[in-house]
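In case you want the letters, here they are:
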Amino acid sequence: MKQVLFIHAGHRSTEGMFRCLCELQQQERLRVRALFFGPVDYPTVAAMYGTAVMSPSINMDAEQNELVAEQKADFVEQCNQHQIAYDIPHNYSVWDRDLFSAETRFADLVLVSGDLFFAGIDDHQPNAYLRQALRAAECPVMVVPEHFEAIDHLFIAYDGTAKSVSALKQFCYVFPHLLNLPAEIVYVRNEEADNIPGLEDLKRLAMTKFNNLGYAKLHFDAATYFPTWIGEKKNALLITGAFGRSALSNIARRSFAEEILRDHRVPVFIAR
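Because the structure is a prediction, the values reported are computed rather than measured. The residue numbering used here restarts from 1 in each chain and proceeds along that chain's sequence as written. Predicted model: local features are reported for residues with pLDDT of at least 70 only, side-chain atom pairs are reported and counted for 80 or more only, and whole-chain, interface and lining totals are derived from all residues. Side-chain calculation: all heavy atoms of the structure are included, whereas hydrogens and water are not.

1. Focus: the sheet that holds strand S8 (residues 213-218)
Being paired, for any two strands, means DSSP has found at least two bridges between them. Secondary structure is summarised from DSSP: a helix means a run of H or I of at least four residues, a strand means a run of E of at least two, and numbering begins at the N terminus for each. One open sheet accounts for ten strands, arranged S3-S2-S1-S4-S5-S10-S9-S6-S7-S8; its pairing is mixed. Edge strands, defined here as strands with exactly one partner in the open sheet, are strand S3 (85-87) and S8. Within this sheet the neighbouring strands show an average axis-to-axis angle of 25°, counted without direction. Sheet analysis places strand S2 (residues 30-37) next to S3, joined by three bridges and oriented parallel. Note on S3: the bridge partner recorded for Val-32 is Tyr-86. An axis is simply a line fitted to the C-alpha atoms; with a helix, the fit covers only the stretch in contact. Between two such axes, the angle follows the N-to-C directions and lies from 0 to 180 degrees.

Spelled out as structure tokens, the structure:
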């Protein structure tokens, strides 16, 4: 059984996240802890973005509290329908990074929406709140698009560093039931040579984890082409290292992982 932290942060229910939750529940029993964060207040927005926000206040009012209550009720109904064990602690009306970080410390995985995470404040993802959550998390995070479909192929970003190997191992711990899927370890570098650093050591490790595994070196500029390349893969999951310090960002530049999330095309497993 895995402990999954389900983060709802916005005005709309996250259908993609719940489809993902049901998919995981079919493979392994889950215990889901759901946190519902409502709209944040003006000082928080100003501090996050370092600029004035054109609104005197966006504190939760009675109507917004009612909306959160409806979202909770919908979540409970769906969990009961799909026989998913859950608990919902006291509602935290505004975003709290320290609380989020503490909750992730005792979870195996966090699910967040790549499309709807505080989209009512900033719908250009990853917005400042999603970036903060990804950096504050103390366990792996799965960023889920709203059009989530059942996963049938894995792509693992590798750049030869310890962080990219750690991401692979963390994924194997969290999702042992997915290790039978076709998987491909991808190394991206804009050069003619075909070598992949540490390949023999990587094979020795990976062969003990995956049952249908291939390796590929892509000879193009990762920042320019990889988001499109991975976005064309159907029903795929991308596995990468910690946000801002990942295999993705190391092989290109810091904005690279953000481009993947911005496209909303594939779910992304981001290791701690």
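Now, onward.
2. Regarding helix H5 (residues 128-136)
Whether a residue is buried, partly exposed or exposed follows from its accessible area with a 1.4 Å probe, protein chains only, as a fraction of its type maximum: under 20%, in between, or over 50%, in that order. The element H5 is extensively covered by neighbouring structure, given that seven of its nine residues are classed as buried. Where H5 is concerned, the buried positions are Ala-128, Tyr-129, Leu-130, Gln-132, Ala-133, Leu-134 and Ala-136. Distance and chemistry together define a polar contact, namely a pair of N or O atoms within 3.5 Å, with one atom able to donate a hydrogen and the other to accept it when in protein, and with adjacent residues in sequence counting only for side-chain atoms on both sides. Near the N-terminus of H5, the side chain that reaches the backbone nitrogen of Tyr-129, with its oxygen 3.1 Å away, is that of Asn-127.

3. Digging into the packing of helix H4 (residues 97-104) against H5
Where H4 meets H5, the closest approach of the two axes is 9 Å, and the angle between their N-to-C directions is 40°. Relative to H5, the element H4 lies oblique. With respect to the hand of their crossing, H4 and H5 are arranged in right-handed fashion. Along its contact with H4, which presents Arg-97, Phe-100, Ser-101 and Thr-104, the element H5 presents Gln-132, Ala-133 and Ala-136. Small angles under 35 degrees read as roughly parallel and large ones over 145 as roughly antiparallel, with 65 to 115 read as roughly perpendicular and the rest as oblique. Take the far helix as the reference: if the near one is turned anticlockwise from it by less than a right angle, the crossing is left-handed, and if turned clockwise, right-handed. In this analysis, two residues are considered to be in contact whenever any of their non-hydrogen atoms come within 4.5 Å of each other.

4. Structural notes on the pattern of salt bridges
For this analysis, a salt bridge means a side-chain nitrogen from Lys or Arg found within 4 Å of a carboxyl oxygen belonging to Asp or Glu. Evaluated as defined, the whole model comprises eight salt bridges. For Arg-105, the salt bridge identified is with Glu-138, shortest N-O distance 2.7 Å. Here Arg-105, found in the loop between H4 and strand S4 (109-113), pairs with Glu-138, found in the loop between H5 and strand S5 (141-144); they are 33 residues apart in sequence, far enough to count as distant. Look at Arg-105 and you get partly exposed, because its relative accessible area is 45%. A salt bridge links Lys-217 to Glu-191; its shortest N-O distance comes to 2.4 Å.

5. Brief notes about the packing of aromatic side chains
A pair of Phe, Tyr and Trp rings is counted when the ring centres sit within 6.5 Å of each other, with Trp represented by its six-membered ring. The angle between the planes then sorts it: under 30 degrees is stacked, over 60 is edge-to-face, the rest tilted. On inspection of all chains with the given rule, the structure shows 17 aromatic pairs. Between Trp-95 and Phe-117, the aromatic rings sit 5.7 Å apart at their centres with planes inclined by 85°, giving edge-to-face as the arrangement. Of this pair, Trp-95 sits in the loop between S3 and H4 while Phe-117 sits in the loop between S4 and H5; the two residues are 22 residues apart in sequence, bridging distant segments of the chain. Both residues of the pair, Trp-95 and Phe-117, count as buried. What links up through ring pairs into an aromatic cluster is the set Phe-37, Trp-95, Phe-100, Phe-117, Phe-118 and Tyr-129. A ring is considered to have a charge above it if a Lys NZ or an Arg CZ atom is located within 6 Å of its centre and within 35 degrees of its normal. Above the face of the Tyr-215 ring, Lys-203 is positioned so that its terminal group lies 5.5 Å from the ring centre.

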